[in-house]
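Close look at the chain arrangement
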Amino acid sequence: MPLPEPVLVSLPIEPMWVASVLTLLLNPVVATLLISLGILGLLIEIKAGAHGVGLLVGMLAFGLFFGASILLGFAGWPVLLLLALGLTGLLLEVLPVPTFGVAGIAGLLMLFTSILLTLAGRSPSSGALMQALGVLGASLVITASVIYAWVRHLPNSTRFRGLIHQGGALSAEGFIAAPSRRELVGREGRAVTDLRPAGTAVVDGERIDVVTEGEYIPAGNPVRVLRAESYRHVVQAVALPGKLPLGSGK
């Protein structure tokens with residue numbers, strides 16, 4: 001595949017070997033590897049938690065790719081804005097923020113769009129756009145292949161078996177996922193969200209995750225804690241004065 005030709009930028013890049021290195025980073029083969037490393041690093045950080053290693057690898061790979069694109073004039077501020085918004089969405093998935101996956105999906109879409117616009121250039125032709133789609137598609141195929149091989153073969157690898165937890169912590173042996181909140185049993189509160197059957201309620205001024213026994217309880221309805229099983233709090237609707245409880249069917 002031919003190397004992309006840099007467009008004119010406001011400042012010349014000196015010495016010439018720097019421009020040659022930057023142009024090499026945008027070679028379709030090198031760009032494919034950088035994009036694959038960037039996506040893999042971010043996904044590993046989000047799903048596996050690599051203590052910052054995945055984030056570092058991903059940011060370094062994307063930094064080389066987008067940095068070369070900016071210096072050679074292939075990417076402008078709109079691309080950088082899309083990139084920043086995409087990385088912000090992915091960061092929200094790493095942090096303990098209840099985004100329900102929406103921020104992660106939106107972040108990936110904006111990240112892929114910024115990559116596609118960078119690969120196609122500022123004034124893309126149909127050929128450049130097809131080549132950009134090919135590079136991005138190849139990157140996604142490589143990423144999916146690595147993830148598949150990782151999930152399928154890593155647990156059976158004698159060399160890398162120590163990277164994942166092999167044993168189990170059973171409740172019969174005294175291990176629990178979270179302390180049981182027995183003091184909440186019998187307490188009353190109010191549903192903050194609709195319980196369908198899971199949701200959030202406030203009990204004694206504390207927001208907790210709750211679940212019903214299958215009934216639907218609308219937001220604002222009083223609830224009572226029936227059981228507290230580790231992090232799982234089972235609630236039921238409380239009848240309002242002069243009204244039958246929800247789910248009575250009468």
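Everything discussed here concerns the structure shown above.
A brief report on the enclosed structure follows. (Residues numbered from 1 in each chain as written. Predicted model: local features only at pLDDT ≥ 70, side-chain atom pairs only at ≥ 80, totals over all residues. Heavy atoms only, no water.)

With that out of the way, let us pick up helix α1 (residues 16-25). Buried residues of α1: A19, L22, T23 and L25, and no others. Taken down its axis, α1 places every buried residue within 155 degrees of arc, on the same side. (Buried < 20%, exposed > 50% of the residue type's maximum accessible area, 1.4 Å probe, protein only. Helix = DSSP H or I, 4+ residues; strand = E, 2+ residues; numbered from the N terminus. Arc of directions from axis to C-beta.)

Once that is clear, we can look at the pairing of strand β1 (residues 188-191). The pairing of β1 with strand β4 (residues 222-229) spans three bridges and is classified as antiparallel. Bridge pairing in β4 places E188 opposite R224. Linking two consecutive strands that pair antiparallel, namely β1 and strand β2 (residues 198-203), is a turn of six residues. (Pairing = 2+ DSSP bridges.)

Here we come to the sheet that holds strand β5 (residues 232-237). Spatially, the five strands close up into a barrel ordered β1-β2-β3-β5-β4, and their pairing is mixed. Averaged over all pairs of adjacent strands, the angle between strand axes in this sheet comes to 55 degrees, irrespective of strand direction. (Axes fitted to C-alpha atoms, helices over the stretch in contact; angles between N-to-C directions.)

What sets the pattern is the α-helix's 3.6 residues per turn: residues three or four places apart point alike. The end-to-end C-alpha distance of helix α5 (residues 102-120), which contains 19 residues, comes to 27 Å, matching closely the 27 Å that a straight helix rising 1.5 Å per residue would cover. Within α5, burial applies to A103, G104, G107, L111, S114, I115, T118, L119 and A120. The first or second residue beyond α5 is G121, which carries a positive phi of 90 degrees. (Expected span 1.5 Å × (residues − 1).)

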